[in-house]
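Letter by letter, the chains look like this.
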Amino acid sequence: MVSAPVQILNVSSLGNDTFTTLAQRIEEIFGVQTSVLQASLNLDRAFDSSRGQYNSTALLAQILNSYQSPNGKKIAIVDIDLYIPVLTYVFGEAQLDGTAAIVSLHRLSDQFYGLPRDDALMVQRLEKEIVHELGHTFGLYHCRQFECVMRSSTYVEEIDLKRITPCTNCIALLRNSC
Amino acid sequence: MKPTPSILIVDDEQVVRDSLTKWFREDGYFVDSAENAAAALRQLQARKWDIILLDIKMPGMDGMELQTRIKETDANATIIFITAHATVDTAVKALKAGAFDYVTKPVDPDYLSHLVNNALQQRLLASENLKLKEQISEFSKADDIIGESPQTQKIFELIQTVAKTDTTVMIRGESGTGKELIARAIHSNSERRYFPIVAVNCGALPEGILESELFGHERGAFTGAQYKRKGKLELADGGTLFLDEVGNIAPKTQMDLLRAIETKQFSRVGGNDLIKVDFRIICATNKDLEKAVEEKTFREDLYYRLNVFSIFIPPLRERKGDIPLLANHFVQKYSRAMGKLITTISSEAMDVLVRYNWPGNVRELENAIERAMVVGHPPAIKPEDLPFQLTERNQVLPSGSIAAVEKVHIAAILEQNHWNISHSAEILQIDRVTLYNKIEKYGLKKPQ
């Protein structure tokens, strides 16, 4: 099984206890110890005033510099709206087969789309996106299986369709990569 | 296993190249990037790319010029422009120059994802379409037209010559010579090959039925016409109409057909609406049409309309050189179809085939081989498997020297007497030693 531990870097307004169940789920899926850590990032340095958004690639670089652990995977959770150049927005970003990832809550909340607040749904979406981006750090590509957590989602509705776990093919790929 | 789709990103901004590369890699694509046109051209030389994402504004050669260069070497390259400086003018220019699409930075991730998927899907369909067309061309190479005689080679040449034109063709020849095969070969080598070839046997249908068959009919046009029906002319739209035994068409239908050929429009039987069609006509007959014109049973104007380019197929007896090739082809064909291990024809049986008269031409030869394949035993067809015996009437004696005639005669007597030398020598009224000498001289061999 994969031996590298995972650190969830909580930079968001959510309490660390939000991630307790998820940490156990991550341990089951990826076979690694997972811990939650209150963290901070210099968000201003990644802010693009012309877009009113934060460059997720710049934040990934900060995570790598500020939270070094040679074999570990780190995933930061933020409230802010993320982008990568050329795309209008991203839910998150990860280093493919690397050590750092980031996920934003900003577009996962129904309030963003003018709908009533639903925190439980938002947390479900967040958990799926965290597993998705972590999957990339473990070397998984996007999957075409509809319910697989590794399926690419560009709308929140697509995230809702997915399960929180990878499909059998992706699990097999994970096992083989160990 | 399908190869991983590849994407080449050409943009002078590293941050754009990096973010797009990362984005597409997560989707499992093979991705690489180039910082300018020169680097892109090197990458394009090194391998084939499914999709090229191209920035418009780049130092040196810009994206529009690069697209022109790429299209010069690969007209089917799928190029998507992705630019921060969008104007309607450049978008129109890019699309007119053959770009697949044009998007502005920053692009909606869902849109970009769909765009690339659609582009790949279209490439896949285009390549499948090409493969299918190639397969059609392969299938339609008319492999039943076989022959190495000069007469057959001449027919191949004529097919190639006329196929590329849209000229009306009349194929003449005895029954069973393969007139329909020639028609199909012309069609499958023509520009119309992706449309149907519709065959009508004009000799097999009574006048009223033929009219309805050719032009179709409206509901209630005649007793029993309960439904509207399309005619063969309509079905052949875009393709070829093959009129077999055209000499048997009744005068009234001849007139209607002539009008339809001249105007490329007609009405269904019992209908008033004019239907426009575009078809090529190939017709065939074994009748003496010139005589029929003289006797006023075939319209002269229709005759001239149909007899623009004529191909005459000689009877099989006049191109004996084709018989071994044709016979072996039919053996292979029926061996596959019947799953029998008969794969060849004994030299004696082939000798019989070559000497036979073939009044029914290639069709009779094919039937003879099919029957021989049913009754024969592996590995080869023998003379006794053939459905006919050579008689003086249907046998064509070898032309040339007396020795050739003597060889054939001795072989026939030996065959009749199952190679009993004494009996054969007695019938031939020569002694056994002389018969042995002649067997050796003519290289005759007893079948195994």
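To start, this report covers the structure provided alongside it. (Residues numbered from 1 in each chain as written. Chains lettered and ligands numbered in written order. Predicted model: local features only at pLDDT ≥ 70, side-chain atom pairs only at ≥ 80, totals over all residues.)

**Things to note about the sheet that holds strand S1 (residues 6–10) of chain A**
All names here are of chain A. Our working definition: At least two DSSP bridges between two strands are required for those strands to pair. Secondary structure follows DSSP: runs of H or I at least 4 residues long count as helices, runs of E at least 2 residues long count as strands, and numbering of each begins at the N terminus. Angular values range over 0 to 180 degrees, each being the angle between N-to-C directions of two axes fitted as lines to C-alpha atoms, with helices fitted over their stretch in contact. Contact between two residues is assigned when their C-beta atoms, built from the backbone, lie within 7 Å.
The strand order S2-S1-S5-S8-S7 describes an open sheet built from five strands, whose pairing is mixed. Edge positions in the sheet fall to strand S2 (34–38) and strand S7 (92–94), since each of these pairs with one other strand and no more. Strand after strand, the sheet turns through a mean of 15° between neighbouring axes, direction not considered. Inspection of the sheet shows S1 paired to strand S5 (residues 73–78) by five bridges, in the parallel sense. Across the sheet, the residue bridging to Val 6 is Lys 73, located in S5. Of the strands in this sheet, S1 and S2 touch helix H1 (residues 20–30), which is tilted by about 140° from S2. Contacts from helix H2 (residues 56–66) reach S1, S5, S7 and strand S8 (100–104), with the element oriented near 130° to S8.

**Regarding the interface of chain A and chain B**
The test is simple: Each residue is assigned to one class: nonpolar for Ala, Val, Leu, Ile, Met, Phe, Trp, Tyr, Cys and Pro, charged for Asp, Glu, Lys and Arg, and polar for all the others, Gly among them.
At the junction of the two partners, chain A supplies 15 residues and chain B supplies 19 residues. Among the residues forming the side of chain A that touches chain B, the class breakdown is nine nonpolar, six polar and no charged.

**A word on the packing of helix H6 (residues 150–163) of chain B against helix H7 (residues 179–188) of chain B**
All names here are of chain B. To be explicit about the condition: For this classification, under 35 degrees means roughly parallel, over 145 means roughly antiparallel, 65 to 115 means roughly perpendicular, and everything else is oblique. A crossing counts as left-handed when the near helix is turned anticlockwise from the far one by less than a right angle, and as right-handed when that turn is clockwise.
Two numbers describe how H6 lies on H7: the axes approach to 8 Å, and their chain directions differ by 45°. Between H6 and H7, the crossing angle belongs to the class labelled oblique. Relative to H7, H6 is oriented so that their crossing is right-handed. Mapping the contact onto sequence places Ile 155, Ile 159, Val 162 and Ala 163 in H6 and Ile 182, Ala 185 and Ile 186 in H7. A per-class count over the contact of H6 with H7 returns seven nonpolar, no polar and no charged.

**Observations concerning the nonpolar core**
Our working rule: Any nonpolar core is a set of buried residues, restricted to Ala, Val, Leu, Ile, Met, Phe, Trp, Tyr and Cys, that join up through C-beta atoms within 7 Å. With C-beta atoms placed from the backbone, a residue is buried if 20 or more other C-beta atoms are within 10 Å of its own, exposed if 12 or fewer are, and partly exposed between those counts.
Formed by 78 residues in total, the largest nonpolar core has its most connected members in Ile75(A), Ala76(A), Ile102(A), Ile52(B) and Leu53(B). Every residue in contact with Ile102(A), bar those within four places of it in the chain, is listed here: Ser56(A), Leu59(A), Leu60(A), Ile63(A), Ile75(A), Ala76(A), Val78(A), Leu82(A), Gly92(A) and Glu93(A). If you look at the next biggest cluster of nonpolar residues, it comprises 39 residues, including Val198(B), Ala236(B), Leu302(B) and Leu306(B).

**Some points on the environment of Arg355(B)**
By the element assignment, Arg355(B) lies in helix H14 (residues 347–355). Along the backbone, Arg355(B) and Arg317(B) are 38 residues apart, and their C-alpha atoms lie at a distance of 8.7 Å.

**A few points about unusual backbone geometry**
Residue Pro106(B) is reached from Lys105(B) by a cis peptide bond, and omega for that bond is -10°. Mapped onto the secondary structure, Pro106(B) falls in the loop between strand S5 (101–104) and helix H5 (109–139). Going from Pro378(B) to Pro379(B), the amide bond is cis rather than trans, its omega being 5°. One can find Pro379(B) in the loop between helix H15 (361–375) and strand S16 (380–381). Even without being a glycine, Val86(A) presents a positive backbone phi close to 80°.

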